[in-house]
Amino acid sequence: MSSLRELQVDALLKMLYLNEEHYPRASSATEDPNATTAAIASDTAVQDIVWKVLVLDKKTTAIVSSVLRVNDLLKTGVTVHALIDSAKRSSLPDVPVVYFIEPTLENVNTIIDDIKNSKYSEFYVNFVDTLNRDLLEHLAKEVVQLGKQDKIKQVYDQYLDFVVTEPELFSLELPTAYITLNDPSTTEENITSLCSRIADGLFNTVITLNSIPIIRAPKNGPAEIVAEKLANRLRDYVINMKSNSSQNDSGSNSILNDSLDRSVLIILDRNIDYSSMFSHSWIYQCMVFDIFKLRRNTISIPAESEDAKAKQYDIEPHDFFWNQNSHLPFPEAAENVESALDKYKQEANEIIKKTGVSNLNDLNIKQFDQQNQDDDLGTLQIQQAVKKLPELTAKKSIIDMHMNIFASLLKELEAKNLDTFFEIEQQDPDNVKTRTKFLELLKNDGKTNNLDDKLRSFIVLYLSAKSTLPKDFVNEVESYFKSQEYDISVLSYVYKLREMMKMSSSMSLQTKSLDDGTSNASKTGTSTLSGLYGLTEGTLQGGVGSLISGFKKLLPEKKTIPVTNIVDAIMEPLSSSQKNLEATDSYLYLDPKITRGSHTRKPKRQTYNKSVVFVVGGGNYLEYQNLQEWAHSQIHNPKKVMYGSTDIISPHDFLSQLTSLSK
């Protein structure tokens, strides 16, 4: 089954090949870690490439840049790409242009001006979402008046208004959705408008997946509004498709075909769980996102000093190490990067032995080919070794990048004692020993560069406790932050959140073990990082063995979190707990394929193998990874789960949002 990322890349490639039916597909990109996303298929699968210009706007640039690189665009014939509002956009009257833009009046008028000025030879216009009828008529009228309607070769709605960063992770990039939905000053009109935008983004995702799902959502919240709006739009779409199929005497449209294997779209409100938004995770990807900035597959690491430069690393779709290790606990990923380096060294040494050079940098493919032709010194074995060099060089570049990322991570971990926060959050907040340990950390670690982390751990303890934490403990924590002159106004909002959660069913959701139920969380109270720092820029040096052995104590428990519990109850009701089933039985059940009569009905408990899980108000990598871990644990009944949100928000940014709401 294709991933969401592969489906989006396929749609983009088809667009760049001028919407021809035959084009190189991006299927199974992860199976070949050394191939670029756009070059999976053979070049012989396509007719002669048409060289072209690609014109984007800010939104579509984010969509394309998350899954394709400049080299990928070049393989499709794109020699120039530019922003539609750029004053530097050159006129190329002999070259066709592909537009991929938002359906706005401003963009449509710019296209009209380009046609008027004969800026390009042919115009292939693609809108990221539906172009409304008024704008379509405006475009047609103006072009006809210019007498240049023959210049426009295509106009397509692509339904790609969402950003994919992982195989099964997407975002609508609406970063202020939570604030808009929870600010008392927000008007009903603004809330309705936002919910419509969210429904439109989900509609785009569903069309890309080419499957009409059953929709489930809790009542009395934004998720219900979004679900209703999406169901109505999908129902209209189904009616139109059926009408078109009937007129064309064709009922072969795959999106309409009934299937026994219907997928389910689960739309949830952020209030299902707040703890995961603040938690310190020990998963490699989650740590990178938490400690640094991970946006559209680019990792940004702040400069360590005023003289130093900030670092940026691009996570390519074919990054073999990221694909294999991003979901693993940090110690295991650190161990694997050392193993990857050792394997690279072995392969490099084999090539050096076969070719007789002293350094890989001395190798030159053309030079060896010439030797083979002139004096027959080369052999087939040597040629094969030399031709493996580009692949090996690319692998080394990826390993070096992750070495540098690990180096920066370790510096932050040691500087802020971040392992201790994770350790505390793994323990029972209702246990007095956990609270005592947390108070000792506040008083004794002597650090002021981790006050955000301390506050986050307190919030996790407060929200995840089964009973309200003792007043004297809360007062002592507040006193500590006040002594540091640290703003804790957000806590008044957090205390209200817990009261709201107590009134909802989310507090009673039962966790589910993903292994034998034994805990791997550390029971010791000391930092495992002390004295074990052994990673320097670009190279893992001695001490890694002891570093990993220390981290082993901190491997997280394999258990589900609230969002995963909801998904488990809906997708696999036969094995879910009664409490989780009761919590989800009250959810809306909408079937957009039912176009007559009642559109809602009492939900039935049924098994699903595919789902899209969407959180209104912000998501995070922790929930994404927990859902994937749950899906992969269903050995006897394999599951496919895609996860999305209005935006993927870092713990620091979400803390800032709640702070602004509290004021």
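Because the structure is a prediction, the values reported are computed rather than measured. (Residues numbered from 1 in each chain as written. Predicted model: local features only at pLDDT ≥ 70, side-chain atom pairs only at ≥ 80, totals over all residues. Heavy atoms only, no water.)

(A) The overall build of the protein chain, seen in detail. Tallying secondary structure elements over the protein chain gives 25 helices and 17 strands in all. The buried share of the protein chain, reckoned over its 663 residues, is 53%. Once local pairs closer than 6 in sequence are excluded, the contacts in the protein chain between residues at least 24 apart make up 79%. For the protein chain, the accessible area works out to roughly 30,300 Å², and carbon and sulfur atoms hold 48% of it. (Helix = DSSP H or I, 4+ residues; strand = E, 2+ residues; numbered from the N terminus. Buried < 20%, exposed > 50% of the residue type's maximum accessible area, 1.4 Å probe, protein only. Contact = heavy atoms within 4.5 Å. Areas by Shrake-Rupley, 256 points an atom, 1.4 Å probe, with all protein chains shown as cover.)

(B) Looking closely at the confidence of the model for the protein chain. Of the residues in the protein chain, 81% reach a pLDDT of 70 or more, and the chain-wide mean stands at 84. Contacts of residues 372-377 to residues separated by more than four positions or lying in other chains number five contacts, the stretch itself having pLDDT below 50. This stretch, residues 516-553, has a pLDDT under 50; its non-local contacts, to residues over four places away or in other chains, come to 72 contacts. (pLDDT = per-residue confidence, 0-100.)

(C) How the structure looks around the sheet that holds strand β2 (residues 78-83). If you trace the five strands from one edge of the open sheet to the other, you get β2-β1-β3-β4-β5, paired in parallel fashion. The sheet is open, and its two borders are formed by β2 and β5 (152-157), each paired with just one other strand. When strand polarity is set aside, the average angle formed by the axes of neighbouring strands in this sheet is 15°. By the bridge criterion, four bridges tie strand β1 (residues 52-56) to strand β3 (residues 97-101) in an arrangement that is parallel. Across the sheet, Val55 pairs through a bridge with Tyr99, a residue of β3. Running over the sheet, helix α1 (residues 4-16) touches β1, β2, β3 and β4 (123-127) and is turned about 145° from β3. Here helix α4 (residues 105-116) sits on the sheet and contacts β3, β4 and β5; the angle it forms with β4, its principal contact strand, is near 175°. (Pairing = 2+ DSSP bridges. Axes fitted to C-alpha atoms, helices over the stretch in contact; angles between N-to-C directions.)

(D) Here's a closer look at the nonpolar core. Judged by nonpolar contacts, the single largest core of 104 residues is most densely connected at Tyr284, Ile299, Phe330, Leu409, Leu455, Phe458 and Leu658. Within the second largest apolar cluster, 60 residues are counted, among which are Val64, Tyr124, Leu174 and Phe614. (Core = buried A, V, L, I, M, F, W, Y, C linked by side-chain atoms within 4.5 Å.)

(E) Up close: the side chain of Lys119. Topologically, Lys119 is positioned in the loop between α4 and β4. Notably, Lys119 is buried but unbridged: the nearest opposite-charge side chain belongs to Asp114, and the N-O separation is 4.2 Å. Those residues in contact with Lys119 that sit more than four places away from it in its chain are Arg89, Ser90, Ser91, Leu92, Pro93 and Asp114. (Lys, Arg positive; Asp, Glu negative; His and termini not counted. Salt bridge = Lys/Arg side-chain N within 4 Å of Asp/Glu carboxyl O.)

(F) Molecular detail of the pattern of salt bridges. For the structure on display, the rule yields 26 salt bridges. Note that Arg296 and Glu173 form a salt bridge whose closest N and O atoms lie 2.7 Å from each other. Of this pair, Arg296 sits in the loop between β10 (293-295) and β11 (298-301) while Glu173 sits in the loop between β7 (169-171) and α6 (177-182); the two residues are 123 residues apart in sequence, bridging distant segments of the chain. Where salt bridges share partners, they join Glu173, Arg295, Arg296 and Asp647 into one cluster.

(G) Inspection of the sheet that holds β11 at higher detail. Judged by pairing direction, the sheet is antiparallel, and its three strands sit side by side in the order β10-β11-β12 without closing on themselves. Edge positions in the open sheet fall to β10 and β12 (311-314), since each of these has one partner strand only. The average angle at which neighbouring strand axes cross in this sheet is 20°, direction not considered. Bridge count between β11 and β12: four bridges; the pairing is antiparallel. Its bridge partner lying in β12, Ser300 is registered against Gln312. Relative to β12, helix α15 (residues 389-416) is tilted by about 135°, and along the sheet it contacts β11 and β12.

(H) Seen up close, helix α2 (residues 58-65). Along α2, the residues classified as buried are Thr60, Ala62, Ile63 and Val64. Of the surrounding elements, those touching the buried residues of α2 are α1, β1, α3 (70-75), β3 and β6 (163-166). The distance from a side-chain oxygen at the start of α2 to the backbone nitrogen of Lys59 is 3.3 Å, and the residue carrying that oxygen is Asp57. (Polar contact = N/O pair within 3.5 Å; in protein donor to acceptor, adjacent residues only side chain to side chain.)

(I) Representation of the packing of helix α16 (residues 418-425) against helix α18 (residues 451-464) within the structure. It is the contact of α16 with α18, at a shortest axis distance of 10 Å, that shows an interaxial angle of 5°. When the interaxial angle is binned, α16 and α18 end up roughly parallel. Side by side, α16 and α18 meet where Leu418, Phe421, Ile424 and Glu425 of the first sit next to Asp453, Lys454, Arg456, Ser457, Val460 and Leu461 of the second. (Parallel < 35°, antiparallel > 145°, perpendicular 65-115°, else oblique.)

(J) A look at helix α10 (residues 284-291). Counting buried residues along α10, eight of its eight residues qualify, which places the element largely inside the surrounding structure. Along α10, the residues that are buried comprise Tyr284, Gln285, Cys286, Met287, Val288, Phe289, Asp290 and Ile291.

(K) Spotlight on a nonpolar patch on the surface. A cluster of nonpolar residues, Ile49, Trp51 and Leu74, forms a patch on the protein surface that exposes about 290 Å² of accessible area. Mapped onto the elements, Ile49 comes out in the loop between α1 and β1. You can call Ile49 partly exposed: its relative accessible area is 35%. (Patch = residues over 30% accessible without salt bridge, like charges linked within 9 Å, V, L, I, M, F, W, Y side chains within 5 Å.)

(L) Inspection of the packing of aromatic side chains at higher detail. Per the counting criterion, the structure on display carries 27 aromatic pairs. With 6.1 Å between their ring centres and 50° between their planes, Phe458 and Phe473 make a pair best called tilted. A residue pair is termed long-range when its members are at least 10 positions apart, and Phe458 in helix α18 and Phe473 in helix α19 (residues 471-483) qualify at 15 residues. Summarising the burial analysis for this pair, Phe458 and Phe473 share the class buried. Ring centres of Tyr462 and Tyr495 lie 4.8 Å apart, and the angle between their planes is 50°; on these two criteria the pair is classed as tilted. Remark: Tyr495 occurs in helix α20 (residues 490-503) and Tyr462 occurs in helix α18; sequence separation between them is 33 residues. Neither residue differs from the other here; Tyr462 and Tyr495 are each classed as buried. Among the aromatic residues, those joined into a cluster by ring pairs are Trp282, Tyr284, Phe321, Trp322, Phe330, Phe406 and Phe422. It is Lys52 that lies over the ring of Tyr17; its NZ or CZ is 5.8 Å from the centre. The cationic tip of Lys395 hangs over the ring face of Phe320; the distance from NZ or CZ to the ring centre is 5.9 Å. (Phe/Tyr/Trp six-rings, centres within 6.5 Å; stacked < 30°, edge-to-face > 60°. Lys NZ or Arg CZ within 6 Å of the ring centre and 35° of its normal.)

(M) Molecular detail of the pairing of β1. Of all five residues making up β1, five are buried, and the element is well covered by its neighbours. Of the two faces of β1, both are covered, the one formed by Lys52, Leu54 and Leu56 as well as the one formed by Val53 and Val55. Bridge analysis of β1 against β2 gives five bridges, and the strand direction is parallel. Following the sheet pairing, Val55 is matched in β2 by Ala82.

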